Amino acid sequence: MENISIALPKGRMADSAITLFEKAGIAENILKDISRKLVVNDYKNLMKFMLVKPIDVPTYVEHGAADLGICGKDILLEQKKDCYEVLDLKFGFCKMVVAGPKEAKDSFLTNKRVATKFPNIAEEFFRQKGENVEIIKLNGSVELAPIVGLSEVIVDIVETGNTLRENGLIVIEEIFPSSARLIVNKASLKTKSQRIKEIIIKLKEVVESFK
Ligand code: PRP
Ligand code: MG
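Residues numbered from 1 in each chain as written. Chains lettered and ligands numbered in written order. Predicted model: local features only at pLDDT ≥ 70, side-chain atom pairs only at ≥ 80, totals over all residues. Heavy atoms only, no water.

1. Some points on the packing of aromatic side chains
Right, on to step 1. By the definition in use, this model includes two aromatic pairs.
Right, on to step 2. Their ring planes at 75 degrees and their centres at 5.5 Å tell us that F21 and F49 sit as a pair that is edge-to-face. Placement of the pair is F21 in helix α1 (residues 14–23) and F49 in strand β3 (residues 47–52), with a sequence separation of 28 residues. With respect to burial, F21 and F49 carry one shared label: buried.
Right, on to step 3. Consider the rings of F125 and F126, whose centres lie 5.2 Å apart with planes at 75 degrees: the pair is edge-to-face.
Right, on to step 4. Owing to a relative accessible area of 3%, F126 belongs among the buried residues under this scheme. (Phe/Tyr/Trp six-rings, centres within 6.5 Å; stacked < 30°, edge-to-face > 60°. Helix = DSSP H or I, 4+ residues; strand = E, 2+ residues; numbered from the N terminus. Buried < 20%, exposed > 50% of the residue type's maximum accessible area, 1.4 Å probe, protein only.)

Pasting the structure below:
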């Protein structure tokens, strides 16, 4: 039997991802240790789980350091890495939006600066609308940018809407809905196809039982 390695997302999607594997009976008690260790081996079942920042999950999977991975659709669309997206896991629901202060619609007519962690998505969105914008790449706390005059609007993820509300910003336009996805390394799907397909089927059963 081949070894299978899986990259799980750290942070807000971690619990749902771990629960999913436990419910699927793929990784019983192994995963409770993963908050402290970055790699957990399940020698009995020949599985290895690693915990990485969601933004790095496609990199591990594309290079084959992980056979499988879980990350948001937002990250997949931003990075367009060379791997297969095989399953919508139906958690980690959020929306990619354009947001800003109420008056942003007026100020955006003259100055078109967009702060974002997702420069490719933002670029593509405004290009399709035929709007010429300046993209300002940030790495976090993007909501600050329009408040302090770094940009007129932001392109970012909204989940509960709390961050926007607490910073006096509103959703101006929705771009696309996002949720967690299972991705697979292209070569692994060929070389370890039986085990990987078994895992996909087990996870799919759990996901469908949530409906
Ligand atoms: C994400 C996102 C929003 C916020 C949305 O930021 O960039 O800021 O969460 O969630 P909410 O609608 O429930 O408030 P994150 O907390 O990951 O931090 P970062 O932007 O600093 O990376
Ligand atoms: Mg944020």
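2. What about the nonpolar core?
Right, on to step 1. Formed by 31 residues in total, the largest nonpolar core has its most connected members in L8, F21, F49, I70, L89 and L203.
Right, on to step 2. Mapped onto this core, the elements with two or more residues apiece are β1 (4–9), α1, β3, β4 (68–72), β11 (180–184) and α9 (193–209).
Right, on to step 3. When residues of this core are assigned to their parent elements, the largest contribution, six residues, is made by α9.
Right, on to step 4. With sequence-adjacent residues up to four places away left out, L89 is seen in contact with L20, I70, A180, R181, L182 and V207. (Core = buried A, V, L, I, M, F, W, Y, C linked by side-chain atoms within 4.5 Å. Contact = heavy atoms within 4.5 Å.)

3. Comments concerning the pairing of β11
Within a regular beta strand, the side chains point alternately toward one face of the sheet and then the other, so they alternate between its two faces.
Right, on to step 1. Here β11 lies mainly inside the structure; five of its five residues are buried.
Right, on to step 2. A two-sided burial pattern is seen for β11, the buried positions comprising A180, L182 and V184 on one face and R181 and I183 on the other.
Right, on to step 3. By the bridge criterion, five bridges tie β4 to β11 in an arrangement that is antiparallel. Residue pairing across strands places L68 opposite V184, the latter belonging to β11.
Right, on to step 4. For strand β5 (residues 84–88) and β11, the ladder comprises four bridges, and the chain directions are antiparallel. (Pairing = 2+ DSSP bridges.)

4. Overview of the confidence of the model for the protein
Right, on to step 1. Of the residues in the protein, 98% have a pLDDT of 70 or more, and the chain-wide mean is 93.
Right, on to step 2. Listed scores for the predicted complex are pTM 0.94 and ipTM 0.97. (pLDDT = per-residue confidence, 0-100.)

5. Topic: the site of ligand 1
Right, on to step 1. In the vicinity of ligand 1, 13 residues are found, and the nearest of them are E143, D156, T160, G161 and T163.
Right, on to step 2. E159 is positioned with one of its backbone polar atoms (N or O) 2.8 Å from an oxygen atom of ligand 1.
Right, on to step 3. Contacts to ligand 1 include T163, whose side-chain N or O atom sits 2.4 Å from an oxygen atom.
Right, on to step 4. Against a free-state accessible area of 500 Å², the protein chains account for coverage of 73% of ligand 1.
Right, on to step 5. Within the residue set of the shell around ligand 1, elements represented by two or more residues are β9 (153–158) and α7 (162–166).
Right, on to step 6. Element by element, the count of residues in the shell around ligand 1 is highest for β9, at three residues. (Near = heavy atom within 4 Å. Polar contact = N/O pair within 3.5 Å; in protein donor to acceptor, adjacent residues only side chain to side chain. Areas by Shrake-Rupley, 256 points an atom, 1.4 Å probe, with all protein chains shown as cover.)

6. Details of the pattern of salt bridges
Right, on to step 1. Tallied over the entire structure, the rule returns 11 salt bridges.
Right, on to step 2. Put simply, E85 and K73 hold a salt bridge, and the shortest N to O gap is 2.7 Å. Note that E85 is positioned in strand β5 and K73 in helix α3 (residues 73–79), a separation of 12 residues in sequence.
Right, on to step 3. Overall, E85 belongs to the partly exposed group, its relative accessible area being 35%.
Right, on to step 4. The partner of E85 in a salt bridge is R181, with the nearest N and O atoms 2.8 Å apart. In this pair, E85 is assigned in strand β5 and R181 in strand β11, connecting sequence segments 96 residues apart.
Right, on to step 5. For R181, a relative accessible area of 12% puts it in the buried group.
Right, on to step 6. Salt bridges linked by common partners bring K73, E85, D88 and R181 together as one network. (Salt bridge = Lys/Arg side-chain N within 4 Å of Asp/Glu carboxyl O.)

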